[in-house]
Amino acid sequence: MRCPFCSEDNTRVVDSRPVEDNFSIRRRRLCDSCGKRFTTYEKVETIPLIVIKKDETREQYDRQKLANGVIRACYKRPVPTQAINDVVDKIETKIFEREEREIASSEIGEIVMEQIKDLDPVAYVRFASVYREFKDVNTFMDELKKFLN
């Protein structure tokens, strides 16, 4: 590993520990040349997950898009940021547990609906209204009835 201060490549690991998500390692390093310390993070490289969209196009999975959808649903709701991050982590875990390298966006939507239901009822209805593409008030009421039961 090259030192970010002096660009020498003779550094050594002083301390290693897992990061909170348990999917990466934080390494504290020491440069033998200049004596400065710096931190690096290692993460396992995974095979990219491909999302099959409604129009049959495929794109690489993007955690930020998933998080943005949940954040949008929780807009102006009393939901802590950490709770949103935890839900996104749970959703992502369910997605990657499938072991398949392609997933339909509709399956992701169902997983999100399942997880967001316990987070906040208004956020659930907001997400459902966009995800289910309600055409009229009756379909919206049908979804509300499912939620209330």
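Residues numbered from 1 in each chain as written. Predicted model: local features only at pLDDT ≥ 70, side-chain atom pairs only at ≥ 80, totals over all residues. Heavy atoms only, no water.

Enquirer: In this structure, what is going on with the sheet that holds strand S2 (residues 24-31)? I would like to understand it.
Expert: Strand pairing in a sheet relies on backbone hydrogen bonds, with the paired strands running either antiparallel or parallel. Strand order across the open sheet formed by three strands is S1-S2-S3, with antiparallel pairing between neighbours. Strands at the two margins of the open sheet, each flanked by one partner only, are strand S1 (11-18) and strand S3 (37-43). Between one strand axis and the next, the sheet turns through 30° on average, direction left out of account. Two elements, S2 and S3, share seven bridges in a ladder whose sense is antiparallel. Counterpart to arginine 29 in the pairing with S3 is phenylalanine 38. (Pairing = 2+ DSSP bridges. Helix = DSSP H or I, 4+ residues; strand = E, 2+ residues; numbered from the N terminus. Axes fitted to C-alpha atoms, helices over the stretch in contact; angles between N-to-C directions.)

Enquirer: Looking at this structure, I do not really get the sheet that holds strand S4 (residues 50-52). What am I missing?
Expert: In space, the three strands of this open sheet follow the order S5-S4-S6, with mixed pairing throughout. What marks the edges here is a single partner per strand, and that holds for strand S5 (58-60) and strand S6 (102-104). Shown here is a sheet whose adjacent strand axes are inclined to one another by a mean of 30°, direction ignored. Across three bridges, S4 lies against S6 in parallel orientation. Looking across to S6, one finds that valine 51 is bridged to isoleucine 103.

Enquirer: What should I look at first to understand the pattern of salt bridges in this one?
Expert: If the charged atoms of two oppositely charged side chains come close together, the side chains can form a pair. This structure, assessed with the given rule, holds 12 salt bridges. Arginine 27 is the partner of glutamate 42 in a salt bridge, and the nearest nitrogen-oxygen pair spans 2.6 Å. With glutamate 42 in strand S3 and arginine 27 in strand S2, this pair connects stretches of sequence that are 15 residues apart. Relative accessible area serves as the criterion here: at 37%, glutamate 42 is assigned to the partly exposed category. Salt-bridge contacts for aspartate 120 lead to arginine 77; the nearest nitrogen and oxygen are separated by 2.9 Å. Residue aspartate 120 is located in the loop between helix H3 (105-116) and helix H4 (121-131), and its partner arginine 77 is located in the loop between helix H1 (63-73) and helix H2 (81-97); the two are separated by 43 residues in the primary sequence. A relative accessible area of 6% places aspartate 120 in the buried class. (Salt bridge = Lys/Arg side-chain N within 4 Å of Asp/Glu carboxyl O. Buried < 20%, exposed > 50% of the residue type's maximum accessible area, 1.4 Å probe, protein only.)

Enquirer: Just checking my understanding: could you explain the side chain of serine 24 for this structure?
Expert: With respect to the secondary-structure elements, serine 24 resides in strand S2. The exposure class of serine 24 is buried, given its relative accessible area of 11%.

Enquirer: Just to check I follow, could you spell out the nonpolar core for this structure?
Expert: Nonpolar side chains in soluble globular proteins tend to end up buried together. Of all hydrophobic cores here, the largest spans 28 residues; its most connected members are Val70, Ile91, Ile95 and Ile116. Looking at this core, the elements that each hand over two or more residues are H1, H2, H3 and H4. Counting residues per element, this core draws most heavily on H4, at six residues. (Core = buried A, V, L, I, M, F, W, Y, C linked by side-chain atoms within 4.5 Å.)

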